[in-house]
Amino acid sequence: MTPSGSLSKTAVAPGHSVASKRLLPWLVAVAFFMESLDTTILNTAVPAISAALHVGPLSMKAVLASYTLSLAVFIPISGWVADRFGTRRVFATAIGLFTLGSFLCGMSSNIHMLVACRILQGCGGSMMVPVGRLTLVRTFAKAELLRTMSFVSIPALVAPMLGPIAGGLIVDYLHWRVIFFLNIPIGLIGLILVYLHLPDYREKTHRLDTVGLILFGSGIALLSYVLEVFGEHTLSVREISGLLAISLGLLAGYWLHAKSLAFPLLQLSLFKIRSFRAAVSGSFFTRLGIGGVPFLLPLLYQVGLGFTPVQSGLLIMPQALAAMSMKVVMPRLLSTMGYRWVLISNTILLGVLLLLFATIGLHTPVWVIVLQAFFYGAFTSLQYTSMNTLVYADTTDEESSAASSIASTMQQMSISFGVAMAGLATAFFVPHSGSSEPLEMIRGIHKALVTLGVLTIISTVVFAGLKRGDGDAVSNQKTFHPGG
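All residue numbers here refer to positions counted from 1 along the written sequence of the relevant chain. Confidence filtering applies because this is a predicted model: local features only for residues at pLDDT of at least 70, side-chain atom pairs given and counted only at 80 or more, and all residues used for totals across whole chains, interfaces and linings. Working from all heavy atoms in the structure, the side-chain values ignore hydrogens and water.

Let's talk about the environment of Met330
Thinking step 1. Within the element layout of this structure, Met330 appears in helix α14 (residues 309-337).
Thinking step 2. By relative accessible area, which is 3% here, Met330 ends up buried.
Thinking step 3. Sequence spacing of Met330 and Ser381 is 51 residues, and the spatial spacing of their C-alpha atoms is 9.0 Å.
Thinking step 4. The contact definition used throughout considers only heavy atoms, calling two residues in contact when any of these lie within 4.5 Å. Non-local contacts of Met330, meaning those with residues more than four positions away in its chain, are made with Ser381, Leu382 and Thr385. A run of H or I in DSSP becomes a helix once it reaches four residues, and a run of E becomes a strand once it reaches two; helices and strands are each numbered from the N terminus. Burial status follows relative accessibility: with a 1.4 Å probe on protein chains alone, a residue under 20% of its type maximum counts as buried, one over 50% as exposed, and anything between as partly exposed.

Right under this line is the structure:
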């Protein structure tokens, strides 16, 4: 979101009826659902798609990472674009791009085309969620916003529950291309509803930080590429080191550039706020460890243990069920224990659970896998919501949009890097993953999970900088911004 000043709210947007206001949360929720479902439904189909495109399963990490990386690059400008061209036009364009990208993904004949089309999907997705959330903030008064934002966050919890099993059913009984074609009718209906019911808000905009966008976008894109190819031995150590140096140089250049501007692409001055710094940096480092789990578990279950896509999806479903149930006790838990204690202990528990996933083998009872998945889903939900809400604990109303922009960008960037890290770790332990035997794949994924588990536990250090009482403004429900 753009760091604009206070925004005027009206009970009903000019030119729109009360009925349109009632339909708006549904419209935004459907967009959220479409984006969330797309990612989770694809994870289960990774082995089937890799076989159809004649590539190794680990090569599919580029398909997953390219989408989230595209989100990270374009989310920072979504608020500026909405203010400049209007929320209705931008939201419609976002749905249109996402739908077109879905159609082209379904028509892809090789992995390179699929990656390119996923980037196009990411361009649309990068505007759908932030602009949808911005429209709600500008339409509803603060007294109504909590209920509204809670409602539209439900799809982010339901989609992970439906996605794995839906992906498994489609791969088993239809064709993997149907996974992408599902978005087309939803997107077309969404475009009609946007035209009829979405308010069109505009704000005065400052000049876009084009230089910052180029520096930041190029830096994180190159860094993600380095992580992707590092374990594949396609480039020499000298070439990898050179690309890494260039990417870090671009990001350092952005940091220096942003310090000299009144309205940079990302307001890095917010990192001076202790709770914001801990939430965003802690979220980044934690997701580096756990962000690759949705990529690794389907590989473990299908390629290693021999489960079908449907069975793999059923084994992942308990995570979503636990995540939804955790929402009931989460506010009281945070209010009683405090953010510092919850985040430190919960991060350690997540790391331990990753280590336990590394014990799953051919003779592990299914009920043990289900139990581990349930606890992992509950603790992951607690972790994400705690980090997402802590972002706003000590930011002012004027800073909240800029804080949301940074948090969303870093979140998507860390998910992309997490998938790359998971693939990198696995590639080290399964050098020839495309032709690996199941036992070799199991051992490689086990070692990758141990590596990510240790990394997750180490990330606890970031939350140690919090002080008792940090986040009380949120946990005591003076302010609340739902997260998933």
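Points about helix α16 (residues 366-390)
Thinking step 1. Its 25 residues place the ends of α16 36 Å apart at the C-alpha level, agreeing with the 36 Å of an ideal helix rising 1.5 Å per residue.
Thinking step 2. Of all 25 residues that make up α16, 18 are buried, and the element is covered over most of its length. Helix span, as expected, comes to 1.5 Å for every residue beyond the first.

Focus: the layout of surface pockets
Thinking step 1. Considered as a void within the structure, the second largest pocket measures approximately 430 Å³ in volume.
Thinking step 2. Taken together, 18 residues line the second largest pocket, and the ones lying closest to its centre are Phe216, Leu251, Leu268, Met410 and Met413.
Thinking step 3. Broken down by secondary-structure element, the contributors of at least two residues to the lining of the second largest pocket are α10 (210-230), α11 (237-259), α12 (274-290) and α17 (397-429).
Thinking step 4. Tallying contributions element by element places α11 first for the lining of the second largest pocket, with five residues.
Thinking step 5. Each residue is assigned to one of three groups, with Ala, Val, Leu, Ile, Met, Phe, Trp, Tyr, Cys and Pro labelled nonpolar, Asp, Glu, Lys and Arg labelled charged, and all others, Gly among them, labelled polar. Here the residues of the lining of the second largest pocket sort into 17 nonpolar, one polar and no charged. Every definition here rests on a 1 Å grid over the protein atoms only: cavities are sets of points where a 1.4 Å probe fits but cannot get out, pockets are open sets enclosed by protein on both sides within 12 Å along at least five of seven lines, and lining residues have some atom within 4 Å of a point. Grid points are joined across faces, edges and corners, and a volume is the space filled by probe spheres set on the points.

Side note on the state of the cysteines
Thinking step 1. For this text, the term disulfide refers to a pair of cysteine sulfurs within 2.5 Å. Overall, the coordinates contain zero disulfides when judged by the stated rule.
Thinking step 2. Looking at the unpaired Cys105, the closest cysteine sulfur is the one in Cys117, lying at 4.9 Å.
Thinking step 3. On the basis of relative accessible area, Cys105 is assigned to the buried category, the value being 0%.

Concerning a nonpolar patch on the surface
Thinking step 1. Only residues whose relative accessible area exceeds 30% and that take part in no salt bridge are eligible for patches, with like-charged residues grouped when within 9 Å of each other and nonpolar side chains (Val, Leu, Ile, Met, Phe, Trp, Tyr) grouped when within 5 Å. The accessible surface values rely on the Shrake-Rupley method and a 1.4 Å probe; as for residues, cover is taken only from the protein chains in view. A pairing counts as a salt bridge when a side-chain nitrogen of Lys or Arg comes within 4 Å of a carboxyl oxygen of Asp or Glu. The grouping of Leu321, Trp367, Leu371, Phe374 and Phe375 at the surface amounts to a nonpolar patch, some 510 Å² of accessible area in total.
Thinking step 2. For the nonpolar patch, the element with the highest residue contribution is α16, accounting for four residues.
Thinking step 3. Note on Phe374: relative accessible area 35%, which makes it partly exposed.

Some details on the packing of aromatic side chains
Thinking step 1. Aromatic contacts are taken between Phe, Tyr and Trp rings whose centres are within 6.5 Å, Trp giving its six-membered ring; a plane angle under 30 degrees counts as stacked, one over 60 as edge-to-face, and the others as tilted. The final tally for this structure, using the stated rule, is ten aromatic pairs.
Thinking step 2. Seen in terms of ring centroids, Phe103 and Phe181 are 6.2 Å apart; in terms of plane orientation they differ by 35 degrees. Their pairing is tilted. Highlighted residues: Phe103 in helix α4 (residues 87-106) and Phe181 in helix α8 (residues 178-181), separated in sequence by 78 residues.
Thinking step 3. Ring centres of Phe375 and Phe379 lie 6.3 Å apart, and the angle between their planes is 20 degrees; on these two criteria the pair is classed as stacked. Remark: Phe379 and Phe375 occur in helix α16; sequence separation between them is four residues, near one turn of the helix.
Thinking step 4. Accessibility expressed as a relative area gives 38% for Phe375, which makes it partly exposed.

With respect to the packing of α14 against helix α15 (residues 339-357)
Thinking step 1. Here an axis means a line fitted to C-alpha atoms, over the contact stretch when the element is a helix, while the angle between two N-to-C directions is reported on a 0 to 180 degree scale. Running from N to C, α14 and α15 cross one another at 110 degrees; their axes reach a closest spacing of 6 Å. Considered as vectors, α14 and α15 are oriented roughly perpendicular to each other. Contacts between α14 and α15 involve Leu333, Leu334 and Met337 from the first element and Tyr339, Trp341 and Val342 from the second. Each angle receives one of four descriptions, namely roughly parallel if under 35 degrees, roughly antiparallel if over 145, roughly perpendicular if within 65 to 115, and oblique otherwise.

Brief notes about the confidence of the model for the protein
Thinking step 1. The predictor attaches a confidence to each residue, called pLDDT, with possible values from 0 through 100. When pLDDT is averaged along the protein, the result is 79; 85% of the residues meet or exceed 70.
Thinking step 2. Every residue in residues 477-484 scores below 50 in pLDDT, and together they form 19 contacts with partners more than four places removed in sequence or on other chains.

Details of the packing of α15 against helix α18 (residues 438-458)
Thinking step 1. The interhelical angle for the contact between α15 and α18, taken along N-to-C directions, is 170 degrees, at an axis separation of 8 Å. One element, α15, and the other, α18, form an angle in the roughly antiparallel class. When α15 is examined against α18, the residues Thr347, Ile348, Leu350, Gly351, Val352, Leu354, Leu355 and Phe357 are found in contact with a partner set consisting of His446, Leu449, Val450, Leu452, Gly453, Val454, Thr456 and Ile457.
Thinking step 2. Its residues assigned to classes, the contact of α15 with α18 shows eleven nonpolar, five polar and no charged.

Describing the side chain of Ser459
Thinking step 1. Tracing the chain through its elements places Ser459 in the loop between α18 and α19 (460-463).
Thinking step 2. Under the relative-accessibility criterion, Ser459 is labelled buried at 5%.
Thinking step 3. Aside from chain neighbours lying at most four places away, what touches Ser459 is Phe285, Thr286 and Thr347.

Thoughts on unusual backbone geometry
Thinking step 1. Backbone geometry at His54 places phi at a positive 60 degrees, although glycine is not the residue there.
Thinking step 2. By the secondary structure assignment, His54 is in the loop between α2 (46-52) and α3 (61-85).
Thinking step 3. Residue classification places His54 among the exposed residues on the basis of a relative accessible area of 72%.

A word on the side chain of Asn183
Thinking step 1. In this fold, Asn183 is placed in helix α9 (residues 183-197).
Thinking step 2. Overall, Asn183 belongs to the buried group, its relative accessible area being 3%.
Thinking step 3. Within 3.5 Å is the distance limit for a polar contact, defined as a pair of N or O atoms, with the added protein rule that one can donate a hydrogen and the other accept it, and that residues adjacent in sequence qualify only through two side-chain atoms. Of note is the side chain of Asn183, whose polar atom sits 3.0 Å from the side chain of Ser102.
Thinking step 4. Among residues more than four places away in sequence, those in contact with Asn183 are Met34, Asp38, Phe98, Thr99, Ser102 and Gln121.

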